[in-house]
Structure formats: structure tokens, C-alpha cells
Amino acid sequence: MPVYENRHLLRLLLTPQEQARQFVEYCRAHQVITRGLCRIGTTKRGGLRGLIANKEIKKDENVVMLSVRASLHPGTALRDKQFFDLLPLREREIYFLRRPFIENSRLADRSIIRHNQFLLATYMSYLILRNDVNEGSQALKYVNFMPRNEGDFEQLMSNMSGALDSVEVCQVCQSALASFFKVTQAEVRPLLLWSLSMIFSRMAPIDHRWTLRHAFSGTPFVDAFEITGPDDDKNLVKEPIVFLCPVIDMCNHSDHENVALMVPEKTPTAHEPVICLRSLRDIENGEELTMTYGGSPTELKVIWGMQHVL
């Protein structure tokens, strides 16, 4: 069992049934739509949870559809005033309110963690520490459904630990959370490592301009995704932003994928962007839905925690 499971702040007192009930509530409230085409179940590969086809699915069907507001992303953290205000002003200004934040700048030269990923991980840790599923913290229902004991992230955590121990913004944010919730930094650190592991293992890179404009509305970056020069692609940005998409993030990796993440183009009748999981071929009833995560076998094993899966 991973080390982080032994940390008391990550332990869930909810039963699996209550976790599932709250997650379903979250999906219904935020318009996560499957139309009965798939379910979350135990796969035949190592007993992991994954997405299973509930019926025959034809090629080019949208198996899962969700609104942007159903996802967790850096814009979600920026809009939560209570959370963002607890971070020191200097760090907010330097690390989270300047353009490199949305250009995927790294915490340090050799760090695999990006500034926007770290802010999202800090926000997820904040939700866990706050432990309140009232109207203002519905996202905790989603976070609580993320597994505490799947995957082997020890090597990934080892790679990330250096940044948490040495990069100033990491130290300051850990201290801010510890002070606000009256816990120790040693208790906060496993939350951040687990949150980062969930981000790296479940992230959906979104590079669609319209989707990003919508996601970052109400933040200082609302206009940051506009076309600024003749070399800019009118639909896509150069650096994708990490999103966590409920249900879609349950899709496991395969080199022979049968679904893929996609964002439909903006149409005159569309009011907001939708993120979809679309079938690439006909899929049989009971077949696992899989996508390719990309990357080399080494990256899959280290970053996605697949040592015992591949």
C-alpha cells in the first residue's frame, strides 16, 4: 500500500457507498452525461477501476460528455477567493498571476511540476483539509472519489519531493495551509504529494482556446487566450492546461485505445464548451474503454504509476 495511505489526513471516513453516492450527486449537478453507455467498474487488468461499456457503442459516439464547470483546473482555484486569499500576496503575484502561469512554466529548471499544476494540487489539499461538502465546496465530492490506494507513485513522489522541499513557493504554500488549518507542514506535505500524483495520473491536457477562455472566466487570465499574432492557431494554444475531468479520468491507458478525448468546435448555438470522450471504433458490451496516455514506457511507469500494471 502506498505510503500516503498511512497519513491520517488522507484517510476517508466515508464508506465506499457514500463516496460513490456523493460522486454521482456531483456528476448530476455538473452535467456529466454518459447516457448509460458506460459505467465505472473493476477491470480485468490488475483489478483497477476503469470505464466499462454498458452496451454496444458505435464508432464516433460521444460516450461521456461534460461541461467545463464539472472539471477541476487551475481556473477553479483562482476563482475560489477564500482559498486564494490565504496564500501570501507576494507568492500569488509572482507565481500565480503572471503569464508564465498559463504558459506551463516549471517550478524549477529540473522540476516536472508546473506552476499551474502546483496551484491545483494546493487547492485540492485545501479542499481535503476544509472537509466541507456544502454548496461552496462541491468539488470535494469529486476529490474524495479519487483513489487513495491505486497505482504505485513512489518514484513519482520521489521526483516531486525535491521541489516541495526546496522551491520557495512550495514551502510558503505548505506553510500557509498549515497555519490556516492549524496543522503541521509535515501533515500537509502528503496531501500535496497525493494531489500531484492524482493530477499527473489523471490529467487531461486541454489546448482549445474557447474552452480555456470559458474555464478562466472571472480570473485575471480571462483574455490571455486571445489570438495575439499571425502565427497563432485560431483554435488551439501552444501550451495545454491540465484539467481533471470526472468519469473521463477513470479511463485507463492502452496502446490499442478505443476512445479519445476531444473538444468539439464552437458553434453558433453552443453556449459553453463541452469535453467529450469519443469512440474511435465500434466497442462491444462489457469491453473496457481505454485511451492512450502518450509518452514512452518509462514515462508511463514513472509518471503514471504503472509499475505493476503494464
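Preceding block: the structure.
Remember, it's a predicted structure, so these values are computed and weren't measured experimentally.

(A) Expanded view of the sheet that holds strand E2 (residues 38-42). The four strands lie next to each other as E2-E3-E10-E7, forming an open sheet whose pairing is mixed. Strands with a single pairing partner mark the edges of an open sheet, and in this sheet they are E2 and strand E7 (252-253). Alignment of E7 against strand E10 (residues 288-291), held across two bridges, turns out to be parallel. By the bridge assignment for E10, His253 is matched with Met291.

(B) Region of interest: the packing of aromatic side chains. With the rule as written, the count across this model stands at 12 aromatic pairs. Seen from their ring centres, Phe23 and Phe145 are 4.1 Å apart, and the 5° between their planes marks the pair as stacked. In this pair, Phe23 sits in helix H1 (residues 16-29) while Phe145 sits in the loop between helix H6 (139-143) and helix H7 (154-166), placing the two residues 122 residues apart along the sequence. Each member of the pair, Phe23 as well as Phe145, is classed as buried. Plain terms: the ring middles of Phe96 and Phe101 are 6.0 Å apart, the flat faces sit at 80° to each other, and that makes the pair edge-to-face. Assessed through its relative accessible area of 0%, Phe96 is described here as buried. Looking at Phe101, the relative accessible area reads 1%, which means it is buried. The rings of Phe83, Tyr123, Tyr126, Phe180 and Phe181 are connected pair by pair, giving a single aromatic cluster.

(C) The sheet that holds strand E1 (residues 32-33), seen in detail. Within the open sheet, the four strands sit side by side as E1-E4-E9-E8. Their pairing is antiparallel. Each edge of the open sheet is held by one strand with a lone partner, namely E1 and strand E8 (259-262). Pairing geometry for E8 and strand E9 (residues 274-279), over four bridges, is antiparallel. Its bridge partner being in E9, Val259 is matched across the sheet by Ser279.

(D) Region of interest: the pattern of salt bridges. Under the counting rule described, the total for this entry stands at 14 salt bridges. The salt bridge partner of Glu272 is Arg69, with a shortest N-O separation of 2.5 Å. Of this pair, Glu272 sits in the loop between E8 and E9 while Arg69 sits in the loop between strand E4 (62-67) and helix H2 (74-79), placing them 203 residues apart in sequence. In this structure Glu272 comes out as partly exposed when scored by relative accessible area, which is 22%. Of the residues examined, Arg69 reaches a relative accessible area of 42% and is grouped as partly exposed. A salt bridge links Glu91 to Arg90; the nearest nitrogen and oxygen atoms lie 2.8 Å apart. Overlapping salt bridges, with partners in common, bring together Glu18, Arg21, Glu25 and Lys141 in one network.

(E) Spatial organisation of H7. For H7, with 13 residues, the first-to-last C-alpha span of 19 Å sits near the 18 Å given by 1.5 Å per residue. At Met160, H7 is deflected by roughly 30°, the largest bend along its length. The set of residues buried in H7 consists of Leu156, Met157, Met160, Ser161, Ala163 and Leu164.

Reading the values: the criteria
Residues numbered from 1 in each chain as written. Predicted model: local features only at pLDDT ≥ 70, side-chain atom pairs only at ≥ 80, totals over all residues. Heavy atoms only, no water. Pairing = 2+ DSSP bridges. Helix = DSSP H or I, 4+ residues; strand = E, 2+ residues; numbered from the N terminus. Phe/Tyr/Trp six-rings, centres within 6.5 Å; stacked < 30°, edge-to-face > 60°. Buried < 20%, exposed > 50% of the residue type's maximum accessible area, 1.4 Å probe, protein only. Salt bridge = Lys/Arg side-chain N within 4 Å of Asp/Glu carboxyl O. Expected span 1.5 Å × (residues − 1). Bend = angle between axes of the 7 residues up to and from the residue.

Interpretation note: all reported values are geometric properties and have no functional meaning in isolation.
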